[in-house]
Amino acid sequence: MYIYLIGNSERFKIGFSKNPEHRLKTLQTGNSENLILYKKYHSPKFYLKIEKALHFTYGHQNYNNEWFSLTIDEALMFENHCITIENNLKLINDKSFTN
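A contiguous nonpolar patch, built from Ile36, Tyr38, Ile72 and Leu76 and spanning about 340 Å² of accessible area, is present on the exposed surface. At the level of secondary structure, the elements contributing two or more residues to the nonpolar patch comprise β3 (36–42) and α3 (72–76). Locating Ile36 in the fold gives a position in strand β3. Note on Ile36: relative accessible area 39%, which makes it partly exposed.

The next thing to look at is the nonpolar core. A general trend in soluble globular proteins is that nonpolar side chains are found buried together. Ile3, Leu5, Ile14, Ile50, Leu54, Phe78 and Cys82 are the most contacted members of the largest nonpolar core, which totals 17 residues. When residues of this core are traced back to their parent elements, those giving at least two are β1 (2–7), β2 (12–17), α2 (47–57) and α4 (78–93). Among the elements that line this core, the one with the most residues is α4, at four residues. When sequence neighbours within four positions are dropped, the list of residues in contact with Leu5 reads Phe12, Lys13, Ile14, Ile36, Leu37, Tyr38, Lys39, Leu70, Ala75 and Phe78. Counting six residues, the second-largest nonpolar core is a separate cluster that includes Ile6, Leu27, Leu35 and Trp67.

In this fold, Glu66 is placed in the loop between β4 (62–64) and β5 (67–68). Owing to a relative accessible area of 22%, Glu66 belongs among the partly exposed residues under this scheme. Of note is the side chain of Glu66, whose polar atom sits 2.3 Å from the side chain of Lys13.

Before going further, it helps to spend a moment on unusual backbone geometry. Positive phi, normally seen in glycine, also occurs at Asn65, with a value near 60°. Assignment of secondary structure puts Asn65 in the loop between β4 and β5.

Basis of the calculations
- Residues numbered from 1 in each chain as written.
- Predicted model: local features only at pLDDT ≥ 70, side-chain atom pairs only at ≥ 80, totals over all residues.
- Heavy atoms only, no water.
- Patch = residues over 30% accessible without salt bridge, like charges linked within 9 Å, V, L, I, M, F, W, Y side chains within 5 Å.
- Areas by Shrake-Rupley, 256 points an atom, 1.4 Å probe, with all protein chains shown as cover.
- Salt bridge = Lys/Arg side-chain N within 4 Å of Asp/Glu carboxyl O.
- Helix = DSSP H or I, 4+ residues; strand = E, 2+ residues; numbered from the N terminus.
- Buried < 20%, exposed > 50% of the residue type's maximum accessible area, 1.4 Å probe, protein only.
- Core = buried A, V, L, I, M, F, W, Y, C linked by side-chain atoms within 4.5 Å.
- Contact = heavy atoms within 4.5 Å.
- Polar contact = N/O pair within 3.5 Å; in protein donor to acceptor, adjacent residues only side chain to side chain.

Written out as structure tokens, the structure reads:
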């Protein structure tokens, strides 16, 4: 699964999908704004938790459910945020860490 960042220059959707390119097409249908798949991050194990962490992180910028008003800098840092969250989750799940 992929966590994706789809949007325009003002609003972005943070979600997950097996096929972000197809998800872009379905979101574009009925949307008057031209949408772009800005970033995607592959995480077969932690995609749900990463998505929830990103929603929490940007919660104060929530526009409409999974849509967020992000700056371009925040959009550019999307993949780095995903990597950091996943690395922290791996550390927490590491059995040697908890013993």
